[in-house]
Amino acid sequence: MDINQCINYLLSVSQNKVFKYFSGLLEEHNLTPAQYGVLNCLWSEGELSPKQIGGMMHLEASTVSGILDKMQKAGFIERSIDPENRRNILVVPTPKAIAIQKDVEATTERLNQTVLQDLSNSDQKKLKELLSTIIQSDFN
């Protein structure tokens, strides 16, 4: 098989390209793309457990823990013990994170516009639908 026909190659190379571009855009906010993902979850849902964040982002618990550690040190999140279940941790965005939400969302919109600029509106919609289908597929 030609490597250009391999779905893993196509997804990996395109994801790497988008990741590098997004990383550069987020530098002004001192965020990584993964940290943006966590904040996006918190901005949309409010208080969440690390397990809920991992589920929303399709990440392993150890990966989420490392991201949260760095975000807490940077002052973007606070962690507390769930008063209803002391074994559970709850994560919330700090005022610092809330203050940058509009700017970061504008940055994300700029990312989407740039990355998708060579696609028609219908192709953009279709690409997002197809990628979502792959994400939801159960082939583990």
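Residues numbered from 1 in each chain as written. Predicted model: local features only at pLDDT ≥ 70, side-chain atom pairs only at ≥ 80, totals over all residues. Heavy atoms only, no water.

Per an unreviewed UniProt entry, the chain is named MarR family transcriptional regulator, and its organism is Planococcus donghaensis.

Undergrad: So what exactly am I meant to see when it comes to the UniProt feature "domain: HTH marR-type" (unreviewed entry) in the chain here?
TA: Here, UniProt's "domain: HTH marR-type" (unreviewed entry) annotation points to residues 1–136. Annotated as 66% helix and 7% strand, the span residues 1–136 places its first and last C-alpha atoms 26 Å apart. (UniProt positions renumbered as here; feature names shortened; annotations may be inferred. Helix = DSSP H or I, 4+ residues; strand = E, 2+ residues; numbered from the N terminus.)

Undergrad: Explanation requested: helix 3 (residues 50–57) in the structure shown.
TA: An α-helix turns once per 3.6 residues; consequently, residues spaced three or four apart project the same way. Within helix 3, burial applies to Ile53, Gly54 and Met57. For helix 3, the angular spread of the buried residues around the axis is 100°, confining them to a single face. Just beyond helix 3, the residue with positive phi is His58, at close to 60°. (Buried < 20%, exposed > 50% of the residue type's maximum accessible area, 1.4 Å probe, protein only. Arc of directions from axis to C-beta.)

Undergrad: I tried to follow the nonpolar core on my own but got confused; where do I start?
TA: The nonpolar side chains of a soluble globular protein tend to be buried, and buried together. Membership of the largest hydrophobic core comes to 24 residues, with the highest contact counts inside it found for Val38, Leu39 and Ile53. It is helix 2 (residues 33–45) that provides the largest number of residues to this core, a total of six residues. The residues touching Val38, leaving out its near neighbours within four places in the chain, are Ile53, Met57, Ile67, Leu68 and Met71. (Core = buried A, V, L, I, M, F, W, Y, C linked by side-chain atoms within 4.5 Å. Contact = heavy atoms within 4.5 Å.)

Undergrad: Would you mind showing me how to read the pattern of salt bridges here?
TA: Side chains carrying opposite charge are able to pair once their charged atoms draw close together. If you walk through the whole model with that rule in mind, you get one salt bridge. The partner of Asp69 in a salt bridge is Arg79, with the nearest N and O atoms 2.4 Å apart. Pair noted here: Asp69 is in helix 4 (residues 61–73) and Arg79 is in strand 1 (residues 77–81), with a separation of ten residues, a long-range link. On the accessibility criterion, Arg79 (27% relative accessible area) is partly exposed. (Salt bridge = Lys/Arg side-chain N within 4 Å of Asp/Glu carboxyl O.)

Undergrad: Is there a simple way to explain the environment of Thr114 in this structure?
TA: Checked against the element boundaries, Thr114 lands in helix 6 (residues 101–115). Overall, Thr114 belongs to the partly exposed group, its relative accessible area being 28%. Separated by 96 residues in sequence, Thr114 and Val18 have C-alpha atoms that sit 9.7 Å apart.

Undergrad: Help me out: how do you make sense of helix 2 in this one?
TA: For helix 2, which comprises 13 residues, the first-to-last C-alpha distance of 18 Å matches the rise-based estimate of 18 Å (1.5 Å per residue) to within 8%. Buried within helix 2 we find Pro33, Gln35, Tyr36, Gly37, Val38, Leu39, Cys41, Leu42 and Trp43. (Expected span 1.5 Å × (residues − 1).)

Undergrad: Would you take a moment to explain the packing of aromatic side chains for this structure?
TA: We describe a pair of aromatic rings using the distance from one ring centre to the other and the angle between the two ring planes. Evaluation of the coordinates by the stated rule reveals one aromatic pair. Seen in terms of ring centroids, Phe22 and Tyr36 are 5.4 Å apart; in terms of plane orientation they differ by 80°. Their pairing is edge-to-face. With Phe22 in helix 1 (residues 7–26) and Tyr36 in helix 2, this pair connects stretches of sequence that are 14 residues apart. By relative accessible area, Phe22 is classed as buried at 8%. Its end group placed over the ring of Phe76, Lys96 keeps NZ or CZ at 4.6 Å from the ring centre. (Phe/Tyr/Trp six-rings, centres within 6.5 Å; stacked < 30°, edge-to-face > 60°. Lys NZ or Arg CZ within 6 Å of the ring centre and 35° of its normal.)

Undergrad: How should I be thinking about the side chain of Thr107 in this particular structure?
TA: Tracing the chain through its elements places Thr107 in helix 6. At 3.4 Å, the side chain of Thr107 forms a polar contact with the side chain of His29. Leave out the neighbours within four places in its chain, and Thr107 touches Leu25, Leu26 and His29. (Polar contact = N/O pair within 3.5 Å; in protein donor to acceptor, adjacent residues only side chain to side chain.)

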